[in-house]
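Architecture and fold: a report
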Amino acid sequence: SNHQSVIGLSPYSSRGPIMGGSTVTAATRLAVVTVLVALSIGVGADLAYFNEKQVLRFINASATREDLSESCRTALRRVEPYLKDQDTLEAQRIFFSQSYATGISDLFLSRDQDRWIYRGYECLLSAGETVFSRSEHPMHYCYGYNEEDPKTDAYSVCIPSPCADHHVKLLELWRSIVKKTETKPIDFTACTQSRHEKQWFEKPVPIIDFTLNQLAALFIVLATVFHYKRGEEVKTLPAQLLLAFSAKKNIGKLFDMPKDPQATLTSIIGLRFLAMVWTLVGHSFIFGLAYIENVDDYKNDLVDNFYNQYITNFTLSVDAFLLLGGTVLSYSWFRKWLKNNNEPEPTWTSYGFWLRFYRHRLVRIWPAYLYTLMAVTLRLSITHFHPMWPPTDPGVQCPIHWWENVFFLNSLFENRCMPWTWYIGTEFIYYLISPIFLLALRRSVKLGALVCIGTIAISAGFNTYSMIVNNFPPTQFLWKQPEIFNPNFIQHHIELYIKPHFRIGPYVIGIMLGYYLAFFQRKAIKPERTPLFVAGGWFIATAAGFWAIFGVHPSLQGWDWPVYHIVYGTIHRDVFALALAWLVYACHTGIGGPVNAILSWKHLLPLSNLCYSVYLIHLIPVVLTYLVTSFPIWYTTKWMIFAHCFVQLVISYFLALLCLLIAEYPALNIERLLLHPPATKTTIKTVPTSDSEMQLRADEGSSLASTPTRD
């Protein structure tokens, strides 16, 4: 989604630069910046570059305008002396002039977005703000364009903060200097400033949120102490509710392996964790774009190296989640009703059953989701000392679009609030309509197969049609956009990538896989698989998975293979899902060998069970590590980005554990305590309800049986 969406940088003091917490000498920094300036025309060449003389000419001309306030004119007159003062770093002076730009407005939030954000970093750095001191010369980075005509240019200026109220006039003046032929009004503008007017600890709402979090942590400590003192055997409802928040109880559930390995799909332990790591790595490599100076070298290295497609094609991790979600839902549902028990089997008119079906899903995903949404919106997005990139800053967008996320509708709109959570809304929609596939398969294998395969085919057709009509590439091209395709990846994201009817194929494949595995498990005598069948299955699945991941190379290179591009874009996600389906099938039916042993390794269980909360919070650490590192980053090797990924993963798991202890597991415990009807005594052992779950989630009774997760 809008991955290059957060502006954040390491500040430079007017007395010396602070880069990621380490101070460097002005001479060293100047030497580096001199090299960067020499390369600046070639870097981010999609935006025009303007030298210092042109920028200062604009500043000094603006200072004479009578239609600006006196405070603004005074601030403008102080810019040149400030930049040339001996106490001002050379880097600040260079960054100030480099932040001025023009570029195609239609690609402002898409192909060129990372370079616009990079220019914003430069402007904010030129002010010399630090986390502990205000600048005497605060800056605003302002940009604007004409929304009606996408063929016009967008413009950015770095102006003193006293001129913020006049930013529209100054943008128009800048346009009149650099693009005299354009006369249409600049009707969309926005600014971000070098420092919040008040820091988060000076505002009541973030303080309230912070205080509530501390109280929640204290409550968990009290519940844990109570658990150690009294144990599990408590009689009263208040005591049982208190135990629902016990860290001892909930952390223990992270490590609980199911007693019956056949009651769950143990290979999902490893698959879920690997899919989460893959997602974080991909997002980290995307966010790095806005922080890297030699960004063309970075993009070329990722795109031109054939084997780097495991990074550039990382969005397939979402399809892994979708497959796992559909598989767990179907397997647990059919396994329950294939058992001989005394509970009436649901039908289309079993309204009470389906209400409980949906209620349980909401209890599983809502508490952690709402907790994260509030934490990110109310506090985490404004914790840094300066504002973020406005187009997708949660602090700006979520107060307007929060309801789309709360009701799982964000993927049906433009996905403005916490854009990485589009998957949760899309997968919830699939869960809502899943009874169609479940009941059709239960009634008749042929009818169910027809409904499932027909749905997959229709979804594939939607993809084909959209690619042809809009000239979209086969998948999201976030690093480089070949000229043969529509370069607007945000349009692709909003109109195709996140929409449910384009992405349902892997989920339905998972439903069919779960159905088959449930019936396979029921058979007293398992069918024999010949060595040829096993070898052939592994070979075909490996080849299909390899092609799905690495087959995007011709499209990335812009080769003139129009039929191939359409075919790949139409089926590669379904092909990848089928390859993973074989993997799950082989591991669960005894032909997985060492692959199953690795994926089912019990020590991966807690990491897997935390995946849902990790997904919800992981982009905060992704931004954080780039905020505290030296700016700009000079790219030399992918290992420097992988180092960020490791730190981001560790921080994500720590924050996810807090989310799990405060919201996710307590909600599941309370649901089981208050809403689950008592089990009916019977001579036949019933199968515990192991509700389907988003791939990133953990089941309440069996953390594996509730495999779900999220993107």
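Check the entry above for the structure.
Structure report, in brief. Since this is a predicted model, take the numbers as computed values, not measurements.

So, the pattern of salt bridges
- Under the definition given, this model contains 20 salt bridges.
- Close ionic contact of Asp 114 with Lys 299 constitutes a salt bridge, the shortest N to O distance being 3.7 Å. With Asp 114 in helix α6 (residues 113-126) and Lys 299 in helix α12 (residues 295-304), this pair connects stretches of sequence that are 185 residues apart. Taken individually, Asp 114 and Lys 299 each receive the classification buried, so the pair is uniform in this respect.
- The partner of Lys 179 in a salt bridge is Asp 153, with the nearest N and O atoms 3.3 Å apart. You can see Lys 179 sitting in the loop between α7 (167-178) and β7 (188-193) and its partner Asp 153 sitting in strand β6 (residues 153-160), a full 26 residues away along the chain.
- On the accessibility criterion, Asp 153 (11% relative accessible area) is buried.
- Through salt bridges with shared partners, a single ionic network connects Glu 52, Glu 90 and Arg 93.

Quick notes on the sheet that holds strand β5 (residues 139-145)
- Spatial strand order, β4-β6-β5-β7: four strands in an open sheet with antiparallel pairing. The open sheet is flanked by β4 (101-104) and β7, the only strands paired with a single partner. Strand-to-strand twist in this sheet, taken as the mean axis angle between neighbours without regard to direction, amounts to 20°.
- Bridge count for β5 against β7 is six bridges, and the pairing is antiparallel. Directly across from Tyr 141, in β7, lies its bridge partner Thr 192.

Quick word on the state of the cysteines
- For the coordinates displayed, the defined rule picks out four disulfides.
- Each sulfur in the disulfide pair Cys 72 and Cys 163 lies 2.0 Å from the other. Linking Cys 72 and Cys 163, the disulfide has an S-S dihedral of approximately 105° and is accordingly described as right-handed. Linking Cys 72 in helix α3 (residues 70-77) with Cys 163 in the loop between β6 and α7, this pair joins segments that are 91 residues apart in sequence. Neither Cys 72 nor Cys 163 differs from the other in exposure class; each is buried.
- One disulfide bridge connects Cys 142 with Cys 191, the sulfur atoms lying 2.0 Å from each other. Residues Cys 142 and Cys 191 share a disulfide whose torsion about the S-S bond is about 110°; that sign makes it right-handed. Separated by 49 residues along the polypeptide, Cys 142 in strand β5 and Cys 191 in strand β7 bring together distant segments of the chain.
- Residue class for Cys 191 comes out partly exposed when judged on its relative accessible area of 25%.

Topic: helix α22 (residues 531-550)
- With 20 residues, α22 extends 28 Å from end C-alpha to end C-alpha; this agrees with the ideal 28 Å at 1.5 Å per step.
- Buried residues of α22: Val 534, Gly 537, Ala 541, Ala 544, Gly 545, Ala 548, Ile 549 and Phe 550, and no others.
- At its buried positions, α22 is contacted by α11 (267-287), α13 (309-312), α14 (316-338), α23 (553-556) and α24 (562-588).

Notes on the packing of aromatic side chains
- Here the structure, examined in full by the defined rule, presents 65 aromatic pairs.
- Note on Tyr 307 and Phe 550: the rings are 6.3 Å apart at their centroids and 70° apart in plane angle, and the pair reads as edge-to-face. Within this pair, whereas Tyr 307 is found in the loop between α12 and α13, its partner Phe 550 is found in helix α22, the two being separated by 243 residues in sequence.
- Judged by relative accessible area, Tyr 307 falls into the exposed class, the value being 55%.
- The rings of Trp 333, Phe 334, Trp 337, Phe 353, Trp 354, Phe 357, Tyr 358, Tyr 431, Tyr 515 and Phe 519 are connected pair by pair, giving a single aromatic cluster.
- Note that Arg 115 overlies the ring of Tyr 118, its terminal NZ or CZ placed 4.4 Å from the centroid.
- One Lys or Arg, Arg 503, reaches over the ring of Tyr 497 and ends 4.6 Å from the middle of that ring.

Considering the nonpolar core
- Formed by 182 residues in total, the largest nonpolar core has its most connected members in Phe 96, Tyr 100, Phe 285, Tyr 291, Tyr 298, Trp 333 and Trp 479.
- Excluding residues within four positions of it along the chain, Trp 333 makes contact with Pro 346, Phe 353, Trp 354, Phe 357, Leu 438, Leu 439 and Arg 442.

Some points on the packing of helix α28 (residues 619-627) against helix α29 (residues 638-674)
- Packing of α28 against α29 leaves a shortest axis separation of 8 Å and a crossing angle of 130°. Between α28 and α29, the angle falls in the class oblique. Handedness of the crossing formed by α28 with α29: right-handed. Side by side, α28 and α29 meet where Pro 621, Val 622, Leu 624, Thr 625 and Tyr 626 of the first sit next to Ile 641, His 644, Val 647, Gln 648, Ile 651, Ser 652 and Leu 655 of the second.

Examining empty space enclosed by the protein
- Following the criterion strictly, the structure yields seven cavities of 30 Å³ or more and no others.
- As a volume, the second largest cavity reaches approximately 70 Å³.
- What lines the second largest cavity is a set of 13 residues, among which Asn 463, Phe 502, Thr 570, Arg 573 and Asp 574 lie closest to the centre.
- The set of elements that each furnish at least two residues to the lining of the second largest cavity consists of α18 (445-470), α20 (500-503), α21 (505-522) and α24.
- In terms of residue class, the lining of the second largest cavity is built from five nonpolar, five polar and three charged.

Digging into a nonpolar patch on the surface
- Taken together, the side chains of Ile 208, Leu 212, Leu 215, Leu 218, Val 221, Leu 222 and Val 225 make up a nonpolar region of the molecular surface, amounting to roughly 650 Å² of accessible area.
- With respect to the element layout, Leu 212 can be found in helix α8 (residues 204-230).
- With relative accessibility at 53%, the residue Leu 212 sits in the exposed group.

What counts as what
- Residues numbered from 1 in each chain as written.
- Predicted model: local features only at pLDDT ≥ 70, side-chain atom pairs only at ≥ 80, totals over all residues.
- Heavy atoms only, no water.
- Salt bridge = Lys/Arg side-chain N within 4 Å of Asp/Glu carboxyl O.
- Helix = DSSP H or I, 4+ residues; strand = E, 2+ residues; numbered from the N terminus.
- Buried < 20%, exposed > 50% of the residue type's maximum accessible area, 1.4 Å probe, protein only.
- Pairing = 2+ DSSP bridges.
- Axes fitted to C-alpha atoms, helices over the stretch in contact; angles between N-to-C directions.
- Disulfide = S-S within 2.5 Å.
- Expected span 1.5 Å × (residues − 1).
- Contact = heavy atoms within 4.5 Å.
- Phe/Tyr/Trp six-rings, centres within 6.5 Å; stacked < 30°, edge-to-face > 60°.
- Lys NZ or Arg CZ within 6 Å of the ring centre and 35° of its normal.
- Core = buried A, V, L, I, M, F, W, Y, C linked by side-chain atoms within 4.5 Å.
- Parallel < 35°, antiparallel > 145°, perpendicular 65-115°, else oblique.
- Left-handed = near helix turned anticlockwise from the far one by under 90°.
- 1 Å grid on protein atoms, 1.4 Å probe; cavity = no way out; pocket = protein on both sides within 12 Å on 5 of 7 lines; lining within 4 Å.
- Points joined across faces, edges and corners; volume = space filled by probe spheres on them.
- Nonpolar A, V, L, I, M, F, W, Y, C, P; charged D, E, K, R; others polar.
- Patch = residues over 30% accessible without salt bridge, like charges linked within 9 Å, V, L, I, M, F, W, Y side chains within 5 Å.
- Areas by Shrake-Rupley, 256 points an atom, 1.4 Å probe, with all protein chains shown as cover.

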